[in-house]
Amino acid sequence: LYQYDALRFKGELLHSLGKSAEAEEVYRRVLEGRAVPWAKMGLATALKERNALDEAEKLAEQVTSEAPDFLAAYDFLAAVHEAKGRLAEAQQALQRASEVSPNNTLRQRLVGDIAVRNGDLLAAEKAYGKVLERHRGSSLKTVDDFANLARVLVERGDTEASRKVVTEMRRDWRGDKQAELAALVTESLCLHAEGAEDKAQALVGQALELQRQVQAEATEKGKHPSQRLAVDLAHACYATGKADEGAKIMRQVAAENHEDPHLIGHITQVFERTGQSDAGKAILDEVGKEIIELNNRGVM
């Protein structure tokens, strides 16, 4: 009676233990008897682990067709498309999932993130706007949600709308240092976009000082300040000619978040937008080597 439940747990345990080949055998055994979505997704996950991306993609597509409410399949599909460098298709997969589950703000954030990387700023604005809308008056809202939308609006050339988002953020987060930091960074990017370089540079100086305070307070409380906001500050540094400060921030964020492909994608895009592609690649390569050396020493 409980045979398939037992096999499901076994497959999940094997996968969590890193025994993907054995997990693959379990899921194939299940599929010989029953074509259930969870077994197809389990097999797809095991296949992705050994880089059999085409077969994994095919299985996940089958699940989205046969069981449209199986949301994990869309997320998985997006990850496979991203691994293949097909960001537009990854965005489509996440958008399909957000249509099935429109109230899931985490997925809306992911749609916004990948849309930005695709240069689809209208879709990004829409997705980030939905996140704010759903979290209005909620304890789940974050400073990053405001900053994401404000940043996209600046990139779209709508500094007036960006400033309105910042005004709302300041009202909702009165007295919060991270919100004030986000406001300074956004305003500096608005001023830079409008050609007021001296004013933009002065605000970046204030933002760098405030960032040091935010960092110190977070360390004292054992918390992590917003990493996206740090990348935005680095963006403002590069935009206003403070490349050394920008590089220092980027190096630290990349080192602390090297396993987060979305944040690394955001960092890479900032390097590209500010004409720092080569310098950025050198920083990311250097950080990657340092992490490999550190891991090797740890193993030793």
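The present account deals with the structure reproduced in this document. (Residues numbered from 1 in each chain as written. Predicted model: local features only at pLDDT ≥ 70, side-chain atom pairs only at ≥ 80, totals over all residues. Heavy atoms only, no water.)

1. Side note on the overall build of the protein chain
When you go through the protein chain residue by residue, the secondary structure sums to 16 helices and zero strands. With respect to the principal axes defined by its C-alpha atoms, the protein chain has extents near 70 × 50 × 35 Å. When each of the 300 residues of the protein chain is scored for burial, the buried share is 46%. Considering only contacts within the protein chain whose residues lie at least 6 apart along the sequence, 53% involve residues at least 24 apart. Accessible surface for the protein chain amounts to roughly 15,800 Å². Of this, 50% is attributable to carbon and sulfur atoms. In the protein chain, the 41 positive side-chain charges and the 49 negative ones have mean positions that sit 3 Å from each other. (Helix = DSSP H or I, 4+ residues; strand = E, 2+ residues; numbered from the N terminus. Buried < 20%, exposed > 50% of the residue type's maximum accessible area, 1.4 Å probe, protein only. Contact = heavy atoms within 4.5 Å. Areas by Shrake-Rupley, 256 points an atom, 1.4 Å probe, with all protein chains shown as cover. Lys, Arg positive; Asp, Glu negative; His and termini not counted. Charge placed at Lys NZ, Arg CZ, Asp CG, Glu CD.)

2. Focus on the side chain of N148
Secondary-structure assignment places N148 in helix α9 (residues 143–155). If near-sequence neighbours (up to four positions away) are discounted, N148 is found in contact with Y128 and R228.

3. So, empty space enclosed by the protein
If a probe as big as a water molecule is rolled over the atoms, it shows which places are left empty. Per the stated rule, a full pass over the model turns up three cavities of 30 Å³ or more. For the largest cavity, the calculated volume is near 60 Å³. Lining the largest cavity are D113, V116, R117, Y128, R151, R228, H262, G265, H266 and Q269. Where the lining of the largest cavity is concerned, the elements lending two or more residues are α7 (105–118) and α15 (261–273). When its volume is computed, the second largest cavity comes out at roughly 40 Å³. Contributing to the lining of the second largest cavity are A147, A150, R151, A182, V185, T186, L189, L229 and D232. (1 Å grid on protein atoms, 1.4 Å probe; cavity = no way out; pocket = protein on both sides within 12 Å on 5 of 7 lines; lining within 4 Å. Points joined across faces, edges and corners; volume = space filled by probe spheres on them.)

4. Remarks on the environment of K84
Looking at where K84 falls in the secondary structure, it is placed in the loop between α5 (71–83) and α6 (87–100). Taking relative accessible area as the criterion, K84 reaches 27% and is therefore assigned partly exposed. For K84, the residues in contact, after removing those within four places along its chain, are L53, D54 and E57. Polar side-chain contacts of K84 include one of 2.6 Å to the side chain of E57. (Polar contact = N/O pair within 3.5 Å; in protein donor to acceptor, adjacent residues only side chain to side chain.)

5. Some thoughts on α15
Between the first and last C-alpha of α15 there are 18 Å, a value that for 13 residues agrees with the 18 Å anticipated at 1.5 Å per step. Buried residues along α15 sit in contact with α7, α9, α13 (227–239), α14 (243–256) and α16 (277–299). The N-terminus of α15 is capped by D260, whose side-chain oxygen sits 3.1 Å from the backbone nitrogen of H262. Backbone geometry just downstream of α15 places G275 in the positive-phi region, at approximately 70 degrees. (Expected span 1.5 Å × (residues − 1).)

6. A word on the pattern of salt bridges
Counted under the stated rule, the structure contains 25 salt bridges. The salt bridge partner of R28 is E55, with a shortest N-O separation of 3.3 Å. One end of the pair, R28, is in helix α2 (residues 20–33); the other, E55, is in helix α4 (residues 53–66), with 27 residues separating them in the sequence. Judged by relative accessible area, which is 33%, R28 ranks as partly exposed. With a closest N to O distance of 2.6 Å, K177 and E217 form a salt bridge. (Salt bridge = Lys/Arg side-chain N within 4 Å of Asp/Glu carboxyl O.)

7. With respect to the nonpolar core
In a soluble, globular protein the nonpolar side chains are often hidden away together inside. Counting 55 residues, the largest nonpolar core has M169, I249, M250 and I267 as its most contacted members. Grouped together as the second largest cluster of nonpolar side chains are 31 residues, A56, A73, A93 and L94 included. (Core = buried A, V, L, I, M, F, W, Y, C linked by side-chain atoms within 4.5 Å.)

8. Notes on the packing of α7 against α15
Contact pair α7 / α15: the axes reach a minimum separation of 10 Å and the direction vectors enclose 35 degrees. Considering only the axes of α7 and α15, their crossing is left-handed. Each of L110, V116 and R117 in α7 lies in contact with α15, whose residues at this interface are P261, H262, G265 and Q269. For the contact of α7 with α15, the class distribution of residues is three nonpolar, three polar and one charged. (Axes fitted to C-alpha atoms, helices over the stretch in contact; angles between N-to-C directions. Left-handed = near helix turned anticlockwise from the far one by under 90°. Nonpolar A, V, L, I, M, F, W, Y, C, P; charged D, E, K, R; others polar.)

9. Remarks on the packing of helix α3 (residues 37–49) against α4
For the pair α3 and α4, the least separation of the axes is 8 Å and the interaxial angle reads 160 degrees. Viewed along their axes, α3 and α4 adopt a mutual orientation that is roughly antiparallel. Relative to α4, α3 is oriented so that their crossing is left-handed. Contact residues: α3 offers P37, K40, M41, L43, A44, L47 and K48, while α4 offers L53, E55, A56, L59, A60, Q62, V63 and E66. Grouping the amino acids of the contact of α3 with α4 by side-chain chemistry returns 10 nonpolar, one polar and four charged. (Parallel < 35°, antiparallel > 145°, perpendicular 65-115°, else oblique.)

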